[in-house]
Amino acid sequence: QVQLVESGGGLVQAGGSLRLSCAASGTIFSTSVMGWYRQAPGKQRELVAEINLHYSAFYADSVKGRFTISRDNAKNTVWLQMNSLKPEETASYCCNLRQLSSNYWGQGTLVTVSS
C-alpha cells in the first residue's frame with residue numbers, strides 16, 4: 001500500500017508562484033511514476049506533469065515553460081514548481097503515483113489563482 005501526502009496549495013495572485021510537495025510512503029518500486037493532476041470545478045481531471053525514476057518528465061502543453069516537476073527518489077518526494085499562474089488554473093491539484101498496475105492518489109490540495 002502507498003500513501004501520498006500533499007502540501008503547498010493556497011491563494012496566489014495571477015502571475016505568482018506556488019510550489020506543491022507530495023511525499024509518498026509505503027512500498028515504492030523502481031518503476032514508479034509520480035505526477036500531478038488537477039481538476040477545476042465542472043471540468044475533467046487532467047494530467048499536469050509527471051516524472052519517472054530516471055527523471056524523465058512529461059508536461060501538459062498548457063504548462064510547458066512555466067511549471068517544473070522534480071523528484072527525490074531517496075525521499076520518495078515529488079515537487080511541482082508553478083510559475084506565472086493564471087486564474088483559469090484554479091483547481092484541486094492531486095498527487096499521483098502509479099506502479100505496476102496500481103494507481104495511488106493523494107487527497108488533493110487547492111490552488112486558487114486570483115485575477
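So, a few notes on the structure that sits alongside this text. (Residues numbered from 1 in each chain as written. Predicted model: local features only at pLDDT ≥ 70, side-chain atom pairs only at ≥ 80, totals over all residues. Heavy atoms only, no water.)

## Description of the side chain of Arg66
Here is the rule: Comment: elements are numbered from the N terminus, with helices defined as DSSP H or I runs of at least four residues and strands as E runs of at least two. Contacts were defined at the residue level, with two residues in contact if any of their heavy atoms lie within 4.5 Å.
The residue Arg66 is located in the loop between strand E6 (57-59) and strand E7 (67-72) in this model. Beyond its immediate chain neighbours, meaning those up to four positions away, Arg66 contacts Gln81, Met82, Asn83, Ser84, Leu85, Lys86 and Glu89.

## A closer look at unusual backbone geometry
Backbone phi values are negative for most residues with the exception of glycine, while trans is the configuration of most peptide bonds. Although it is not a glycine, Tyr55 sits at a positive phi angle of roughly 70 degrees. You will see that Ser84, though not glycine, has its phi angle at about 50 degrees, which is positive. Tracing the sequence through the fold places Ser84 in the loop between strand E8 (77-82) and strand E9 (91-99).

## Regarding the pattern of salt bridges
Test applied: What makes a salt bridge here is a side-chain nitrogen of Lys or Arg within 4 Å of a carboxyl oxygen of Asp or Glu, nothing more. Summary of the burial criterion: residues with accessible area below 20% of their type's maximum are buried, those above 50% are exposed, and those between are partly exposed, where the area comes from a 1.4 Å probe applied to protein chains only.
Evaluated as defined, the whole model comprises five salt bridges. Put simply, Glu46 and Arg38 hold a salt bridge, and the shortest N to O gap is 2.6 Å. According to the relative accessible area criterion, Arg38 is buried, its value standing at 7%. The partner of Arg98 in a salt bridge is Glu50, with the nearest N and O atoms 2.6 Å apart. Within this pair, whereas Arg98 is found in strand E9, its partner Glu50 is found in strand E5 (residues 46-52), the two being separated by 48 residues in sequence. On the basis of relative accessibility, which here comes to 14%, the residue Glu50 falls in the buried class.

## Focus: the environment of Arg38
Threshold: Contacts described as polar in this section are N or O atom pairs within 3.5 Å, which, within protein, must combine one atom able to donate a hydrogen with one able to accept it, while residues neighboring in sequence count only if both atoms come from side chains.
When you line up the elements, Arg38 lands in strand E4 (residues 33-39). For the pair Arg38 and Val48, spaced ten residues apart in the sequence, the C-alpha separation amounts to 6.7 Å. Setting aside anything within four residues of it in sequence, one finds Arg38 in contact with Gln44, Arg45, Glu46, Val48, Ser62, Val63, Phe67, Glu89, Ala91, Ser92 and Tyr93. A distance of 3.0 Å separates the side chain of Arg38 from the side chain of Tyr93, its partner in a polar contact.

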